[in-house]
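What the coordinates show
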Amino acid sequence: GEMEVGDERQVFAKKVVDAAIHVYVNGRVDDYLPVRQIGQWLPGVDRLLPDSTLSWPDRHRLIAELLCRSGMRLGGLPIKALQFVGLRDDLPDGYQQWFSKAQEDNKLRSPAGHV
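Residues numbered from 1 in each chain as written. Predicted model: local features only at pLDDT ≥ 70, side-chain atom pairs only at ≥ 80, totals over all residues. Heavy atoms only, no water.

Let us now look at helix 3 (residues 56-74). Between its terminal C-alpha atoms helix 3 stretches 27 Å, which fits the 27 Å expected from 19 residues at 1.5 Å a residue. Of the residues making up helix 3, those classed as buried are Arg59, His60, Leu62, Ile63, Ala64, Glu65, Leu66, Cys68, Ser70, Gly71, Met72 and Leu74. (Helix = DSSP H or I, 4+ residues; strand = E, 2+ residues; numbered from the N terminus. Expected span 1.5 Å × (residues − 1). Buried < 20%, exposed > 50% of the residue type's maximum accessible area, 1.4 Å probe, protein only.)

Structurally, Val45 is set in the loop between helix 2 (35-41) and helix 3. Sequence separation between Val45 and Leu66 is 21 residues; the distance between their C-alpha atoms is 7.8 Å.

What follows deals with the nonpolar core. By size, the foremost hydrophobic cluster in this structure holds 27 residues, and its most contacted members are Phe12, Leu66 and Phe99. Looking at this core, the elements with two or more residues in it are helix 1 (5-26), helix 2, helix 3, helix 4 (77-86) and helix 5 (93-99). Among the elements that make up this core, the one with the highest residue count is helix 3 (7 residues). When residues no more than four places from it in sequence are discounted, the contact partners of Phe12 are Ile38, Trp41, Leu42, Ser70 and Leu74. (Core = buried A, V, L, I, M, F, W, Y, C linked by side-chain atoms within 4.5 Å. Contact = heavy atoms within 4.5 Å.)

Buried within helix 4 are the following residues: Ile79, Leu82, Gln83 and Gly86. Buried residues of helix 4, seen end-on, are gathered within an arc of 95° and therefore sit on one face of the element. The outward face of helix 4, more than 90 degrees from its buried face, is lined by the exposed residues Leu77, Lys80 and Phe84. On its buried face, helix 4 sits against helix 3 and helix 5. (Arc of directions from axis to C-beta.)

The topology assignment puts Ala13 in helix 1. Exposure remark for Ala13: the relative accessible area of 28% places this residue in the partly exposed category. For the pair Ala13 and Leu74, spaced 61 residues apart in sequence, the C-alpha separation works out to 8.4 Å.

Structure below.
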């Protein structure tokens, strides 16, 4: 049957996490990431994706930005996770920089049916 919105959100979240793990392990995206599928939820994601091997600090920044933008797009629990993890002071700078954005005032509101 047709995929429900919740299912689409789960598929998107899984692809983002898989991409983040792939970047962490390999330092690059190569042809692994299905950009078109993630791009449906996160326009402009292709500009984040490296075509060369990244340094460790750059990997952390890229992964943090990808997770943060995706979490802010999804709203709800992903934002809470970003807020919680962003409070840690032992994270690499990229994560602290991006995850702190979830602490800032934002106008995202979950639909009544999602709460």
